[in-house]
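Breakdown of the fold
The chain contents come next:
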Amino acid sequence: MSYQAKFRVWRGDAGEGELVDYTVEVNEGEVVLDIIHRLQATQAPDLAVRWNCKAGKCGSCSAEINGMPRLMCMTRMSTFAEDEVITVTPIRTFPVIRDLVTDVSFNYEKARQIPSFNPGDTKPGEFRMMQQDVQRSQEFRKCIECFLCNNVCHVIRDHEENKPAFAGPRFLMRIAELEMHPADESDRRQIAQDDHGLGFCNITKCCTEVCPEHIKITDNALIPLKERVAGKRYDPLVWLGAKLGIV
Ligand code: SF4
Ligand code: F3S
Ligand code: FES
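Residue positions are given per chain, counting from 1 as you read along its sequence in written order. Whichever chain is written first becomes A and whichever ligand is written first becomes 1, with later ones labelled in order. Restriction of local features to residues with pLDDT of at least 70 applies here, the model being predicted, together with a cutoff of 80 or more for giving and counting side-chain atom pairs; totals for whole chains, interfaces and linings are based on all residues.

Description of the pairing of strand β4 (residues 68-71)
Any two strands between which DSSP finds at least two bridges are classified as paired. Secondary structure is summarised from DSSP: a helix means a run of H or I of at least four residues, a strand means a run of E of at least two, and numbering begins at the N terminus for each. By the bridge criterion, 4 bridges tie strand β3 (residues 62-65) to β4 in an arrangement that is antiparallel. Within β4, the residue paired with S62 across the bridge is L71. Taken together, β3 and the strand that follows it, β4, pair antiparallel across an intervening segment of 2 residues, in which N66 is found at a positive phi of about 50 degrees.

So, the environment of E82
As for its position among the elements, E82 is in the loop between β4 and β5 (85-89). Burial in this document is a count-based property: other C-beta atoms within 10 Å of a residue's C-beta are tallied, and the residue is buried at 20 or more, exposed at 12 or fewer, or partly exposed in between, with C-beta positions derived from the backbone. Assessed through the 12 C-beta atoms surrounding it within 10 Å, E82 is described here as exposed. Taking the C-alpha atoms as reference, E82 lies 6.3 Å from A5; in sequence the two are 77 residues apart. Two residues qualify as a contact pair if the distance between their C-beta atoms, derived from the backbone, is within 7 Å. Sequence-distant contacts of E82, defined by excluding residues within four places in its chain, comprise Y3 and A5.

Quick look at the site of ligand 2
Think of it this way: take the backbone, place a C-beta atom on it, and check whether that atom is within 6 Å of the molecule or strand, in which case the residue is near it. Close to ligand 2 lie C153, V155, P169, C201, N202, I203, T204, K205, C206, C207, T218 and L222, which account for all nearby residues. Counting residues per element, the ones that place at least two in the shell around ligand 2 are α8 (206-210) and α9 (217-234). Amino acid classes used here: Ala, Val, Leu, Ile, Met, Phe, Trp, Tyr, Cys and Pro are nonpolar; Asp, Glu, Lys and Arg are charged; the rest, including Gly, are polar. A per-class count over the shell around ligand 2 returns 8 nonpolar, 3 polar and 1 charged.

Brief notes about the sheet that holds β4
In a beta sheet, neighbouring strands pair by backbone hydrogen bonds and run either parallel or antiparallel. Spatially, β2-β1-β5-β3-β4 is the arrangement adopted by the 5 strands of the open sheet, whose pairing is mixed. Among the strands making up the open sheet, the edge pair consists of β2 (17-26) and β4. Taking the axes of each pair of neighbouring strands and ignoring which way they run, one obtains an average angle of 35 degrees across the sheet. The sheet contact formed by β3 and β5 spans 2 bridges and is antiparallel. Within β5, the position partnered with E64 by the bridge is T89. For helices, the axis comes from a line fit to the C-alpha atoms of the stretch in contact; other axes are also lines fit to C-alpha atoms, and the angle between any two N-to-C directions lies between 0 and 180 degrees. Against the sheet, helix α1 (residues 32-42) contacts β1 (3-12), β2, β3 and β5, and its axis sits at roughly 100 degrees relative to β2.

Focus: the domain arrangement of the chain
By the assigned domains, the chain splits into domain 1 (2-101) and domain 2 (104-244). An automatic or database domain assignment is the source of the domain bounds shown. Measuring from the centre of the C-alpha atoms in domain 1 to the corresponding centre in domain 2 gives 31 Å. Taken together, the contacts link 12 residues of domain 1 with 14 residues of domain 2. Along the lines of polarity and charge, the residues of the side of domain 1 that touches domain 2 split into 6 nonpolar, 4 polar and 2 charged.

Overview of helix α6 (residues 169-180)
It helps to recall that an α-helix has 3.6 residues per turn; residues three or four apart then point in one direction. An ideal rise of 1.5 Å per residue puts 16 Å on 12 residues; α6 measures up with 16 Å between its terminal C-alpha atoms. Among the 12 residues of α6, 9 are classified as buried, and the element is accordingly described as predominantly covered. All buried positions along α6 are accounted for by P169, R170, F171, L172, M173, R174, I175, A176 and E177. In this analysis, the expected span of each helix is defined as 1.5 Å times one less than the number of residues it contains.

Below you can see the structure in the form of structure tokens.
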């Protein structure tokens, strides 16, 4: 069964833009990205949209659909009423390049700033990881880098000025993953707090809510990392050691 859906799509570039109304055919089983592609094929050949896998795995097609950060390829048209106007806008936290395409280089810069895995003197094959440690970090490694979590976090969504000091949930989660890794020899607690803005996070959990991989970013990464930082700061032995200059 086909029907005609009303779409309102943001068109423009870094300078200016507006919402433009379109009426587009929808067929059974389709997702929002199918409709955007039909729109490109039939009415707006110059509409810019980033996508790759159409399977929820590349993280490219992030957008805001009726104000909710979503993957366009994983948002079924059947979740909307046939007479509903569906508004599609670019993710808001990063600068627009054109139409639905944003410049997400902020995220790559933050990724580069995190010191990589540090096995110390351990050689490949010398270390055997416990299954529970494997499982803990496996959840974080499901990340498809759609950056919807960074897009929705109010610390940078509403405050451009916080961007230099805050890595966002995706990269604080990366620090947590490395910090929890039993073979990683770096102590990442100080850099999480001082260089990547862990203290900005006030546990609103919006990041967890929008994650298409259902990673429990806040409960399993950010809160445990905060606890480790607090443990380092307030542990009386660490405090005494610091005073004596031995830690
Ligand atoms: Fe996307 Fe989830 Fe990864 Fe954030 S943690 S970038 S929301 S997959
Ligand atoms: Fe932001 Fe997630 Fe913390 S949305 S405030 S990083 S819990
Ligand atoms: Fe790859 Fe949507 S196109 S996640």
